[in-house]
Amino acid sequence: LQSFLLHNNGASSVGGGGRNSRQQAGCLTFVTGTSGSRRVVGVQKMEGDDQSYDTVSLGDVEVYEHTLATIPDRVSDTDAMSTAAAAVVGIHCAIPRVEEVGGGSDSSFYSGKAVVLGGNDYANFVADGLATLGIDVSLVSTGGAKTRNKQVKVLQPSVQSGDDEVGFANAIGQFDSLIDTIANEQKGMVITSENLAGSSSVLQLLQSRHQCAKYISTLTESQQIIKNDGVFFGPGKANSHVKSMESLSPKQCTPLVPSREFGPSTLHILLENNVLFSTKNNKPTAVRGWTMKEFWEETSWPRDSSGTGVRFGLPVVEEEDLDEVFRREQFELQNNRGTRLGSEGGMDQKEVTVQSKIDNNNPYVTQIVGVEGLAENVISKQKNCVVFVAMRSCRTCKGINPIFTKTARERDGGNLMFAKADATGAMGKALGKQLGVVAVPSFVLFRNGVRYGAVSVSKLPSDRLDKAIRDLEAGKDFDTSLEEEDA
């Protein structure tokens, strides 16, 4: 709703004088019928609408003329309506530029560059739809994106640029719109048409560095509930929320009307080109819920090394060159404060081989290999876990390893999983980025498969790590003061 009210290309909600971005629910009523010899879909005129929109009659129903689109013979009424509903915010509101041809509002074309975040079905639909409308589209996903339009460029959060890896935003450069299907950088902020970025540094930097005029979040309340409560406690609350939304009458919602270009210039082209968002929901009220894929992708998305928790690839205030950080290895080793990811660490090949054998035969500590290993062993299984992030060439890590194994053995059979992640090489560096770790040894804690916090220590036992584990098991919030490195 927030994105619709801000970016509906000049249109507003019905009776929108008192509306604001904190309104709880908005609704549109889609209907199908026959106009002349063609099947059409459009938005029903809302009660109390005093705006100057022309309407046409479909039987006993008045429909906004500018929302009408022809339904091809191969497309069902149900698919036409579900596609129309899905296209309103993620595609129509996100269209970068609307330009009129010959001065007439009925002849428009779209242009510009857009970025879509997420690899879920809805993200694929949005990317395909925008590309079909002539927009230059990049879809960014940690994996699993299945777009149909060959014009869509599919990227990872980090993009190889020569010998370096850069975030997707820097790799793309300037773009007009960003459609975020898995998170909301505006969450909890007062957003107005005069202050579209609110207090979000990410949105401010998207505007100033990348000239991104539109940030569109399609995150649903159900997705937010799952994000907050996890996949163990969240589904019940999320499903209850969907049912409560389905029970609302239109009078309890903000009635919405898409802008004038919606029918002929957006929806008609999508249907004509068979860009559809199908649904198996036969209920009269459609409410977007949540999917496990959306939850996993947001949870496993690499975090920027700045420590701010920002997803990797989005702009941050301090974008320190990780390679420059890695070059400090010798200084860190001399002060016994660990090894930077990407460095050698001081062990010779024979010692590395011995340590590898020890790790692979450890019955008490699960070995994590890469981002996929983390997702498979920790995230998807919703584990409470302590992940020892190490490098096999790190002498400090080697010294810690026996004590970590002893702790895991003493607590074997409990509810806390002990794991070790190898941060060596490109795969390890990518895992380190996801975990928000720059130097090893570090310990990253998970609660119910969601990152809880991280503690960097150079020796065990550690009072700070012990406290973090106690707080995790007691259900307390993570104490950020524990993140401070050992002196």
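Shown above is the structure to which this text applies.
For the structure given in this document, a descriptive report is provided here. (Residues numbered from 1 in each chain as written. Predicted model: local features only at pLDDT ≥ 70, side-chain atom pairs only at ≥ 80, totals over all residues. Heavy atoms only, no water.)

**Overview of helix 13 (residues 395–410)**
Over its 16 residues, helix 13 runs 24 Å from end to end, which matches the ideal 22 Å to within 8%, given 1.5 Å per residue. Taken residue by residue, helix 13 has Thr 396, Cys 397, Ile 400, Asn 401, Phe 404, Thr 405 and Ala 408 as its buried positions. (Helix = DSSP H or I, 4+ residues; strand = E, 2+ residues; numbered from the N terminus. Expected span 1.5 Å × (residues − 1). Buried < 20%, exposed > 50% of the residue type's maximum accessible area, 1.4 Å probe, protein only.)

**As for the pairing of strand 3 (residues 38–43)**
Across six bridges, the pairing between strand 2 (residues 30–35) and strand 3 is antiparallel. From the neighbouring strand, Gly 33 faces strand 3, where its bridge partner is Val 40. Between strand 2 and strand 3, which pair antiparallel in sequence order, lie two residues; one of them, Gly 36, sits at a positive phi of approximately 70°. Sheet topology places strand 3 next to strand 6 (residues 69–70); two bridges connect them, and they run antiparallel. Bridging across to strand 6, Val 41 finds its partner in Ala 69. (Pairing = 2+ DSSP bridges.)

**With respect to the sheet that holds strand 23 (residues 450–455)**
In spatial order, the strands read 18-20-19-22-23; together these five strands make up an open sheet with mixed pairing. The open sheet has two edge strands, strand 18 (366–368) and strand 23, and neither has a second partner. For this sheet, the mean inter-axis angle between neighbouring strands, taken without regard to orientation, is 30°. In the packing of helix 12 (residues 370–379) onto the sheet, contacts are made with strand 18, strand 19 (384–390), strand 20 (416–422) and strand 22 (442–447), and the angle to strand 18 comes to roughly 140°. (Axes fitted to C-alpha atoms, helices over the stretch in contact; angles between N-to-C directions. Contact = heavy atoms within 4.5 Å.)

**Some remarks on the packing of helix 6 (residues 221–246) against helix 8 (residues 292–300)**
Where helix 6 meets helix 8, the axes come as close as 10 Å, and the angle between the chain directions of the two elements is 65°. Relative to helix 8, the element helix 6 lies roughly perpendicular. The chirality of how helix 6 crosses helix 8 is right-handed. The residues of helix 8 that touch helix 6, namely those facing Gln 223, Ile 226, Lys 227, Gly 230 and Val 231, are Met 292, Glu 294, Phe 295 and Glu 298. A breakdown of the residues in the contact of helix 6 with helix 8 according to their chemical character gives four nonpolar, two polar and three charged. (Parallel < 35°, antiparallel > 145°, perpendicular 65-115°, else oblique. Left-handed = near helix turned anticlockwise from the far one by under 90°. Nonpolar A, V, L, I, M, F, W, Y, C, P; charged D, E, K, R; others polar.)

**Topic: the packing of aromatic side chains**
Overall, the coordinates contain nine aromatic pairs when judged by the stated rule. Ring centres 6.2 Å apart and planes at 35° place the aromatic pair Tyr 122 and Phe 125 in the tilted group. Of this pair, Tyr 122 and Phe 125 both sit in helix 3 (residues 121–132), three residues apart, which is roughly one turn of that helix. Ring geometry for Phe 388 against Phe 443: centres 4.9 Å apart, planes inclined by 15°, an arrangement best described as stacked. Note that Phe 388 is positioned in strand 19 and Phe 443 in strand 22, a separation of 55 residues in sequence. For the pair formed by Phe 388 and Phe 443, the shared burial category is buried. Through successive ring pairs, a cluster of aromatic residues spans Phe 388, Phe 404, Phe 418 and Phe 443. (Phe/Tyr/Trp six-rings, centres within 6.5 Å; stacked < 30°, edge-to-face > 60°.)

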